[in-house]
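The residues making up each chain are set out below.
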Amino acid sequence: RKPRVIPVPGGERAVAALDFLRLSRVDDIKVGKRVVVIGAGNVGCDAAAEGAMFVWPRVTKAITKKGVELMNGEGMPGLRSM
């Protein structure tokens, strides 16, 4: 199955959860200390299996080099999107 690309500016920076899980299984992806999982479906929750903090409702506005921007103007600096 082909993953959907999140339709926001910078969406190409995101890594699909299934791709992340496949790559992590063969130890072929580097993960920072802090990661943003956009979406709380089954696969997203699998990708965030340990140490996750759920925050909602939140709407993604953009994914930038600095992190994830939310529609309410809130930012999540230092976090990398997934």
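Further up the page is the structure itself.
Quick caveat, the model's predicted, so the values are computed rather than measured. (Residues numbered from 1 in each chain as written. Predicted model: local features only at pLDDT ≥ 70, side-chain atom pairs only at ≥ 80, totals over all residues. Heavy atoms only, no water.)

Engineer: Honestly, the overall build of the chain in this entry has me stumped. Any pointers?
Structural biologist: Across its full length, the chain holds two helices and five strands. If you list the helices and strands of the chain from N to C, you get α-β-α-β-β-β-β. The C-alpha atoms of the chain give 12 Å as radius of gyration, which agrees with the globular expectation for 82 residues (12 Å, within 12%). If you line up the chain on its principal axes, its C-alpha atoms span 35 × 25 × 25 Å. For the chain, buried positions account for 23% of its 82 residues. Pairs at least 24 residues apart make up 49% of the contacts formed inside the chain by residues separated by at least 6 positions. Per element, the accessible surface of the chain, about 6,500 Å² overall, is 54% carbon and sulfur. The average position of the 14 basic charges and that of the 8 acidic charges among the side chains of the chain differ by 5 Å. (Helix = DSSP H or I, 4+ residues; strand = E, 2+ residues; numbered from the N terminus. Rg over C-alpha atoms; globule rule 2.2 N^0.38 Å. Buried < 20%, exposed > 50% of the residue type's maximum accessible area, 1.4 Å probe, protein only. Contact = heavy atoms within 4.5 Å. Areas by Shrake-Rupley, 256 points an atom, 1.4 Å probe, with all protein chains shown as cover. Lys, Arg positive; Asp, Glu negative; His and termini not counted. Charge placed at Lys NZ, Arg CZ, Asp CG, Glu CD.)

Engineer: Just checking my understanding: could you explain the pattern of salt bridges for this structure?
Structural biologist: As a working rule, side chains carrying opposite charge can pair if their charged atoms are close by. Counting across every chain of the model gives one salt bridge. The salt bridge involving R22 is made with D19; its shortest N-O contact spans 3.4 Å. Here the residue R22 and the residue D19 both occupy positions in helix α1 (residues 17-25), the gap between them amounting to three residues, near one helical turn. (Salt bridge = Lys/Arg side-chain N within 4 Å of Asp/Glu carboxyl O.)

Engineer: What should I look at first to understand the pairing of strand β2 (residues 60-63) in this one?
Structural biologist: Looking down a regular strand, the side chains alternate between one sheet face and the other. Note that β2 and strand β3 (residues 67-70) share three bridges and pair antiparallel. Within the sheet, the bridge partner assigned to A62 lies in β3 and is E69. Connecting β2 to the next strand, β3, in antiparallel fashion are three residues. (Pairing = 2+ DSSP bridges.)

Engineer: So what exactly am I meant to see when it comes to unusual backbone geometry here?
Structural biologist: With the exception of glycine, the majority of residues adopt a negative phi angle, and the majority of peptide bonds are in the trans configuration. The omega torsion across W56 and P57 is -10 degrees, close enough to zero to call that bond cis. With respect to the helices and strands, P57 occurs in the loop between α2 (42-47) and β2. A positive phi angle, near 55 degrees, is found at D27, a position not held by glycine. Position of D27 among the secondary structure elements: in the loop between α1 and β1 (35-36).

Just distances and angles here, no functional claims.
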